[in-house]
Amino acid sequence: TILILDFGSQYSHLITRRCRELNVYAELMPCTTLLKDVHFKPKGIILSGSPYSVYDADAPHADPAIFELGVPILGICYGLQEIAWNLKGEVSGCESREYGHASVQISRSGEGSVDALFEGLGDEMQVWMSHGDQLHGLPPDFHVIGKTQTAPFAAIAHNSKPFYGIQFHPEVTHSPKGREVISRYVLNICKCRTNWTMEEFIGKEITRIRDICGPKGRVIGAVSGGVDSTVAAKLMHEAIGDRFHAIMVDNGVLRLNEAKQVNEMLNKDLGVNLTVVDASDLFLSRLEGVEDPEQKRKIIGNTFINVFEAEAAKIEAAAEEEEKKGAEGRGRVEWLLQGTLYPDVIESISFKGPSATIKTHHNVGGLLADMKLKLIEPLRELFKDEVRALGRLLSIPAPLVQRHPFPGPGLAIRVLGPVTREQVKILQQADNIYIEEIRKANLYNQISQAFAVLLPVKAVGVMGDKRTYEQVIALRAVQSEDFMTADWYVFPADVLKRISSRITNEVNGINRVTYDISSKPPATVEWL
Ligand code: XMP
């Protein structure tokens, strides 16, 4: 395992991912974590970048004990300065902050060899810099292993201990050989074993779930048809069979035929014990006349909790009945399954400044308080791409594993005015045509998220000899790594043409289709 200490850089989670991509388990912890509180023995430590300068009065610092542990340490950007600061090097602010591409010249020793960190990477490499401070002198017992035109100490190594510091960011894709630098460190220098695979994960996780649930314990969990909840449900089913109960709430603002399709896939194909609750009337009546997006979100969130709790109570009552009758292996509902992923965990533990804040997961707060259930989160160590790999191993059909994300409040935040059954139906039809044509054109997997939006305006059109006055659909498609930023997707014109003509021909009430060409920022992915 590699321990990554997070000093608050926006790239810290990427370091974790790069290690995992090498099949080496890596865990991110706040930089202020004391070594004695780390529950594993790291084979190497990486210190991340940071928005701070090591000389700021409130600058965060690592537990000095890490330098006595005897394992390799790699400092990236601020991490380099943190090493120098600890080992008494000279750091000072640059006159000009340095952002962007730079070229690192890799140093050769007297015998012509390069340092193990850069072995086989040539004499020069392009890297990404983003820093304010830089090193102006070497800490005692260090030597230079790479420099740039403006940074004479861009990469340094200790003369006898496995301590390394680099000024650039190997974890970002703008450093093309960055992955190899991390691989040299993790595999060659730390000598980590490459045993972090989804095959191993499944076995271990199923054992862990069985252990914590015991021979009788029951688990309930909501499923949405999305990748995370489906993979989590299938994993629970593998571990405890029908003692896991999945509940899908049809809130009336799902995609066309979604509830039916999820039922078929989860229940019939994957064998998961699933109840679909049609609560669309309740949701739509509570949404009546509401235009404000935050209000829509709140209503849907609260109604979801009401419906889910009522359904869970029924399952609990049935279990109690069976237990009374002395049925073998019947126990109470004690656990709530939550499809939390590692980015949510990171979000809640990362170092955000002098006072690290712990965020409670917004989806479950209400449920847990009322239902006295314990939380089970089998995906909490995984990134999205790992969840997809896990899904494939669990035989979940490929189109589902690659599915675009779909927001909890569903089409309610894509019908821009008040939400009515009629408006939802129009949007469902348009959205369905849009996604169908994207799939036919084989573009679905190139796009991170695509959906239609129903605008609350009417436009003039002409059909036959008649003038029409109907609503407008906006199409959105984006490419994004993490949805924090996103670019609008450039469609081939013929695909857009087909989509537009099918929507205006087949969807009653729509006479005009527009394509959204806004990036995030300044726009967001959703319109509301
Ligand atoms: P924005 O619109 O914030 O969207 O750029 C980023 C990603 O988050 C999804 N999204 C939501 N997901 N509940 C959700 O479960 C929500 O209220 C919500 N709002 C936005 C959005 O679809 C995109 O993938």
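It should be noted that the structure appears before, not after, this text.
Criteria and thresholds
- Sequence order as written defines the numbering, with residues in each chain counted from 1.
- For this predicted model, a pLDDT threshold of at least 70 governs which residues receive local features, and a threshold of 80 or more governs which side-chain atom pairs are given and counted, while totals over whole chains, interfaces and linings are taken from all residues.
- The side-chain quantities take in all heavy atoms of the structure and omit both hydrogens and water.
- Strands were regarded as paired on the criterion that DSSP finds at least two bridges between them.
- Only DSSP runs of H or I covering at least 4 residues are called helices, and only runs of E covering at least 2 are called strands; the numbering of each starts at the N terminus.
- Only the contacting stretch of a helix is used when fitting its axis, a line to C-alpha atoms as for every element, and angles between N-to-C directions run 0 to 180 degrees.
- The contact criterion used is simple: two residues touch if any of their non-hydrogen atoms lie within 4.5 Å.
- Here, nonpolar core refers to any group of buried Ala, Val, Leu, Ile, Met, Phe, Trp, Tyr and Cys residues whose side-chain atoms link them within 4.5 Å.
- For every residue, the accessible area obtained with a 1.4 Å probe (protein chains only) is divided by the maximum for its type, and the residue is called buried under 20%, exposed over 50%, and partly exposed between those limits.
- Throughout, near means a residue has at least one heavy atom within 4 Å of the molecule or strand.
- Pairs of N or O atoms are called polar contacts if they sit within 3.5 Å, as long as, within protein, a hydrogen donor faces a hydrogen acceptor (for residues adjacent in sequence, only side-chain-to-side-chain pairs).
- Exposure was quantified through the Shrake-Rupley algorithm and a 1.4 Å probe, taking into account, for residues, occlusion by the shown protein chains and nothing else.
- Amino acids outside the nonpolar list (Ala, Val, Leu, Ile, Met, Phe, Trp, Tyr, Cys, Pro) and the charged list (Asp, Glu, Lys, Arg) are all regarded as polar, and Gly is one of them.
- Given a helix with a known number of residues, its expected span is that number minus one, times 1.5 Å.
- Comment: arc refers to directions from the helix axis out to C-beta atoms.
- An angle below 35 degrees is treated as roughly parallel, one above 145 as roughly antiparallel, one from 65 to 115 as roughly perpendicular, and anything else as oblique.
- Helix crossings fall into two classes, left-handed where the near helix is turned counterclockwise from the far one by less than a right angle and right-handed where it is turned clockwise.
- Pairs were defined over the aromatic rings of Phe, Tyr and Trp, the Trp ring being its six-membered one, requiring ring centres within 6.5 Å. Orientation was assigned from the angle between planes: stacked under 30 degrees, edge-to-face over 60, tilted for the rest.
- By the criterion used throughout, a crossover qualifies as right-handed when its path from the first strand across the helix to the second strand runs clockwise, the strands pointing away from the viewer.
- Any residue with relative accessible area above 30% and no salt bridge may belong to a patch, with like charges joined within 9 Å and the nonpolar Val, Leu, Ile, Met, Phe, Trp and Tyr side chains within 5 Å.
- By definition here, a salt bridge exists when the distance from a side-chain nitrogen of Lys or Arg to a carboxyl oxygen of Asp or Glu is within 4 Å.
- Note on charges: Lys and Arg go in the positive column, Asp and Glu in the negative column, and His and the chain ends are not counted at all.
- Taken as the charge location is NZ of Lys, CZ of Arg, CG of Asp or CD of Glu.

Asker: What exactly am I supposed to notice about the sheet that holds strand β14 (residues 374-376) here?
Answerer: Strands pair in a sheet through their backbones, by hydrogen bonds, and they do so in one of two ways: parallel or antiparallel. Taken together, five strands build an open sheet; the order of strands is β12-β11-β10-β13-β14 and the sheet is parallel. In the strand order of this sheet, the two ends are held by β12 (274-278) and β14, each with one partner. Across this sheet, the average inter-strand angle for adjacent strands is 30 degrees, counted without regard to direction. Pairing of strand β11 (residues 244-250) with β12, which is carried by five bridges, proceeds in the parallel orientation. Counted as the bridge partner of Ala246 is Leu274 from β12. Against the sheet, helix α4 (residues 198-213) engages β10 (218-222), β13 (333-337) and β14, with an angle of about 165 degrees to β14.

Asker: I'm lost on the nonpolar core in this one. Help?
Answerer: Inside soluble globular proteins, nonpolar side chains tend to come together where they are buried. With 47 residues, the main nonpolar core has Ile438, Ile473, Phe491 and Ile503 as its most contacted residues. Ranked by residue count, the leading element in this core is helix α13 (residues 421-440), at eight residues. Not counting the four nearest positions on each side in its chain, Ile473 is found in contact with Leu427, Ala430, Ala452, Val453, Leu454, Ile503, Ile510, Arg512, Val513 and Thr514.

Asker: When you look at unusual backbone geometry in this model, what are you seeing that I'm missing?
Answerer: With an omega of -15 degrees, the peptide bond running from Lys520 to Pro521 counts as cis. Along the chain, Pro521 falls in the segment after β18 (510-515). Omega for the bond connecting Pro521 with Pro522 falls within 30 degrees of zero, at 5 degrees, which places this linkage in the cis form. Looking at the element boundaries, Pro522 is found in the segment after β18. Unusually for a residue other than glycine, Asn257 sits at a positive phi of about 60 degrees. In this fold, Asn257 is placed in the loop between β11 and α6 (258-269). Overall, Asn257 belongs to the partly exposed group, its relative accessible area being 45%.

Asker: Looking at this structure, I do not really get the site of the ligand. What am I missing?
Answerer: The full set of residues close to the ligand is Arg297, Pro405, Pro407, Gly408, Pro409, Gln449, Phe483, Lys520, Thr524, Val525 and Glu526. With respect to the ligand, the side chain of Lys520 contributes an N or O atom lying 2.7 Å from an oxygen atom. At a separation of 2.8 Å, an oxygen atom of the ligand approaches a polar backbone atom of Val525. Contact with the protein chains removes 69% of the 490 Å² of surface that the ligand exposes when unbound. Residue classes in the shell around the ligand are distributed as five nonpolar, three polar and three charged.

Asker: How should helix α3 (residues 178-189) be read in this particular structure?
Answerer: Every α-helix winds through 3.6 residues per turn, so residues three or four apart in the chain are directed the same way. Between its first and last C-alpha atoms α3 spans 15 Å; for 12 residues at 1.5 Å apiece the expected length is 16 Å, and the two agree. All buried positions along α3 are accounted for by Gly178, Val181, Ile182, Ser183, Arg184, Tyr185, Val186 and Ile189. Residues of α3 that are buried in the fold lie against β1 (2-6), α1 (12-21), β3 (44-47), β4 (73-76), β6 (124-137) and β9 (163-166). The first or second residue beyond α3 is Lys191, which carries a positive phi of 55 degrees.

Asker: When you look at helix α7 (residues 280-287) in this model, what are you seeing that I'm missing?
Answerer: Among the residues making up α7, those that are buried are Ser280, Phe283, Leu284 and Leu287. Mapping the buried residues of α7 onto a view down its axis gives an arc of 90 degrees, with all of them on the same face. Once α7 finishes, Gly289 follows within two positions and takes phi at roughly 75 degrees, a positive value.

Asker: Any chance you could explain the packing of α13 against helix α14 (residues 493-506) here in plain terms?
Answerer: How two helices pack is summed up by the angle between their axes together with the distance between the axes. Put simply, α13 and α14 touch, their axes get as near as 10 Å, and they point 150 degrees apart. Relative to α14, α13 is oriented roughly antiparallel. Crossing angle aside, the handedness with which α13 passes α14 is right-handed. Between α13 and α14, the residues in contact are Ala430, Ile433, Tyr434, Glu436, Glu437 and Lys440 and Arg498, Ile499, Arg502, Ile503 and Glu506, respectively. Split by residue class, the contact of α13 with α14 holds five nonpolar, no polar and six charged.

Asker: Help me out: how do you make sense of the environment of Val71 in this one?
Answerer: The topology assignment puts Val71 in the loop between β3 and β4. Along the chain, Val71 and Asn432 lie 361 residues apart, while their C-alpha atoms are 54 Å from each other. In contact with Val71, other than residues within four places in its own chain, are Lys41, Pro42, Lys43, Gly44, Ile45, Pro162 and Phe163.

Asker: Looking at this model, I keep getting lost on the packing of α7 against helix α8 (residues 293-324). Mind explaining?
Answerer: With their axes 10 Å apart at the nearest point, α7 and α8 run at an angle of 150 degrees to one another. What the angle tells us is that α7 and α8 run roughly antiparallel. In this structure, α7 meets α8 at a crossing whose hand is right-handed. Between α7 and α8, the contacting residues are Leu282, Phe283, Arg286 and Leu287 on the first element and Lys296, Ile299, Ile300, Thr303, Phe304, Asn306 and Val307 on the second. Looking at side-chain class alone, the contact of α7 with α8 contains seven nonpolar, two polar and two charged residues.

Asker: Mind showing me how you'd approach the packing of aromatic side chains here?
Answerer: Centre distance and the angle of the planes are the two values used to describe a pair of aromatic rings. This structure, assessed with the given rule, holds 11 aromatic pairs. Seen in terms of ring centroids, Phe7 and Tyr78 are 5.1 Å apart; in terms of plane orientation they differ by 40 degrees. Their pairing is tilted. You can see Phe7 sitting in the loop between β1 and α1 and its partner Tyr78 sitting in helix α2 (residues 78-86), a full 71 residues away along the chain. Owing to a relative accessible area of 0%, Phe7 belongs among the buried residues under this scheme. On the numbers, 4.9 Å between centres and 90 degrees between planes, the contact of Tyr489 with Phe491 is edge-to-face.

Asker: Hey, could you run me through the pairing of β10 in this one?
Answerer: Successive residues of a regular strand alternate their side chains across the two faces of the sheet. Within β10, four of the five residues are buried, which leaves the element mostly enclosed by the surrounding structure. One ladder, built from four bridges, connects β10 with β13; its direction is parallel. Counterpart to Gly221 in the pairing with β13 is Leu337. Here four bridges tie β10 to β11, and the two strands are oriented parallel to one another. Looking at β11, one finds that Ile220 is bridged to His245. For the crossover from β10 across helix α5 (residues 227-240) to β11, the handedness is right-handed.

Asker: Which parts of the structure should I look at to understand a positive patch on the surface?
Answerer: Together, Lys41, Lys43, Lys191, Arg193 and Lys204 make up a positively charged patch on the protein surface. Relative to the helices and strands, Arg193 is located in the loop between α3 and α4.

From the geometry alone we can't say anything about function, so treat these as descriptive.
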